[in-house]
Amino acid sequence: MSMSRMSSDLGNVLPGLLGIDHVGVAVADLETAISFYRDVLGLQVLHREDNLDQQVTEVMLASRDAAPVGNQLQLIMPLTDNSVLQRFLVRRGGGGLHHVAYAVSDVRSASKILRQCGVRVLYDAPRAGTRGSQINFVHPKDTGGVLLELVEHTAADPHNG
Ligand code: V0V
Ligand code: CO
C-alpha cells in the first residue's frame with residue numbers, strides 16, 4: 001500500500017480526527033513513575049483506573065495549565081502476566097513509549113475508514129477505555145512503529161469539552 005493510495009482514499013483527512021488525546025507510557029512500577037511525573041515534573045494526577053479488559057492499571061496526568069482535552073500522559077502498568085503490556089515490557093527489557101492516542105468523534109467510522117485504507121485495526125468493535133471512552137487500535141507495523149489508539153469520549157465524560 002503506497003502513501004499516495006492512502007491519501008487519495010482519505011481525501012488527505014480522516015473525518016472526525018480531533019487531535020492527540022494522550023501518550024501512553026508503559027512502566028513496570030507505577031508508583032515510581034508517578035513520583036517522577038507528579039513530584040519532579042509537576043504534572044497533576046487526574047484519574048486512576050484499573051481496566052480489566054485491557055489488563056492494565058492506569059493513571060492519567062496533565063500539566064495544571066493544559067487545556068482540559070488532550071495533552072495527557074497515560075502511565076500504564078500490567079495487571080497480570082497475561083497482559084499484552086507485560087509482553088511489551090519483557091520484550092523491551094523495561095518501560096517505554098507504548099502508544100499515541102488520537103481523539104476521534106466516532107471510533108466506529110474512523111476504524112472502518114482506516115480498515116478500508118488497508119491498515120490493521122485490531123478490534124472488530126470498540127472496547128472500553130479510560131473514563132468510559134470507546135477505544136480501538138491500529139497495529140504499530142502499519143503506523144511507522146508506534147501503536148496508535150483511537151479514542152472516542154462519551155458525552156458524560158467531563159474531559160470531553
Ligand atoms: C508490539 N510491538 C510494538 C508494540 N507492541 N511496537 C510498537 N509499539 C507497541 N506498543 C511490536 C513488537 O516489537 C514486535 O516487533 C511486533 O510488534 C509483534 O510483537 P508481539 O510482542 O508479538 O506483540 P503482539 O503482536 O502480540 O501484540 C502487539 C499488539 C498488542 C499491538 C497487537 O500490543 C495489542 O493488542 N495492543 C492493543 C491493546 C493494548 O495495547 N492495550 C494497552 C493500552 P518485531 O520485534 O517483530 O519487529 S490500554 C489503553 O491505552 C487504554 C485502556 C486507554 O487509553 O483507555
Ligand atoms: Co491509551
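Details of the structure are given in the entry above.
Right, let's walk through the structure included here. (Residues numbered from 1 in each chain as written. Chains lettered and ligands numbered in written order. Predicted model: local features only at pLDDT ≥ 70, side-chain atom pairs only at ≥ 80, totals over all residues. Heavy atoms only, no water.)

### Here we look at the overall build of the chain
Along its length, the chain carries 4 helices and 8 strands. Secondary structure elements of the chain occur, N-terminal to C-terminal, as α-β-α-β-β-β-α-β-α-β-β-β. Residue burial in the chain is summarised as follows: out of 161 residues, 40% are buried. Pairs at least 24 residues apart make up 55% of the contacts formed inside the chain by residues separated by at least 6 positions. (Helix = DSSP H or I, 4+ residues; strand = E, 2+ residues; numbered from the N terminus. Buried < 20%, exposed > 50% of the residue type's maximum accessible area, 1.4 Å probe, protein only. Contact = heavy atoms within 4.5 Å.)

### Describing the layout of surface pockets
In this structure, the largest pocket encloses a volume near 890 Å³. Of all the secondary-structure elements, those providing two or more residues to the lining of the largest pocket are strand E3 (56-62), strand E4 (72-78), helix H3 (84-92), strand E5 (96-104), strand E7 (134-138) and strand E8 (147-152). For the lining of the largest pocket, the leading source of residues is H3, giving 6 residues. (1 Å grid on protein atoms, 1.4 Å probe; cavity = no way out; pocket = protein on both sides within 12 Å on 5 of 7 lines; lining within 4 Å. Points joined across faces, edges and corners; volume = space filled by probe spheres on them.)

### What about the coordination of the cobalt ion (ligand 2)?
Taken together, the protein ligands of the cobalt ion (ligand 2) are His22 (NE2), Gln74 (OE1), His99 (NE2) and Glu149 (OE), with distances of 2.1 to 2.2 Å. Angles of 80 to 175° at the metal separate the 6 donor atoms of the cobalt ion (ligand 2), which places the site in the octahedral class. As a motif over one chain, the donors of the cobalt ion (ligand 2) read H-x51-Q-x24-H-x49-E. Remark: glutamine 74 occurs in strand E4 and histidine 22 occurs in strand E1 (residues 17-26); sequence separation between them is 52 residues. Take histidine 22 and glutamine 74: they sit in the same class, and that class is buried. (Donors = N, O, S within 2.8 Å, 3.2 Å for Na, K, Ca; no water. Tetrahedral: all angles 85-135°; square planar, octahedral: opposite > 155°, others 65-115°.)

### Looking at the nonpolar core
Of all hydrophobic cores here, the largest spans 11 residues; its members are Val25, Val27, Leu30, Ala33, Ile34, Tyr37, Leu43, Val59, Leu61, Leu73 and Leu75. When residues of this core are traced back to their parent elements, those giving at least two are helix H2 (30-40), E3 and E4. Those residues within four positions of valine 27 in sequence are excluded, and the remaining contacts are Ala33, Leu75, Ile76, Met77, Pro78, Leu89 and Gly95. The next biggest cluster of nonpolar side chains, apart from the first, holds 10 residues, and it includes Val104, Ala110, Val119 and Leu150. (Core = buried A, V, L, I, M, F, W, Y, C linked by side-chain atoms within 4.5 Å.)

### Looking at a nonpolar patch on the surface
On the surface, Phe36, Val40 and Leu41 cluster together into a nonpolar patch covering about 300 Å² of accessible area. Residue placement: phenylalanine 36 occurs in helix H2. (Patch = residues over 30% accessible without salt bridge, like charges linked within 9 Å, V, L, I, M, F, W, Y side chains within 5 Å. Areas by Shrake-Rupley, 256 points an atom, 1.4 Å probe, with all protein chains shown as cover. Salt bridge = Lys/Arg side-chain N within 4 Å of Asp/Glu carboxyl O.)

### Concerning the pattern of salt bridges
Applying the stated criterion to the full structure yields 3 salt bridges. As a salt-bridge pair, aspartate 39 and arginine 38 come within 2.8 Å of each other at their nearest N and O atoms. Using a relative accessible area of 39% as the deciding quantity, one classes arginine 38 as partly exposed. Salt-bridge contacts for aspartate 142 lead to arginine 120; the nearest nitrogen and oxygen are separated by 2.9 Å. Of this pair, aspartate 142 sits in the loop between E7 and E8 while arginine 120 sits in the loop between helix H4 (107-116) and strand E6 (127-128), and the two are 22 residues apart along the sequence. For arginine 120, a relative accessible area of 43% corresponds to the partly exposed category.

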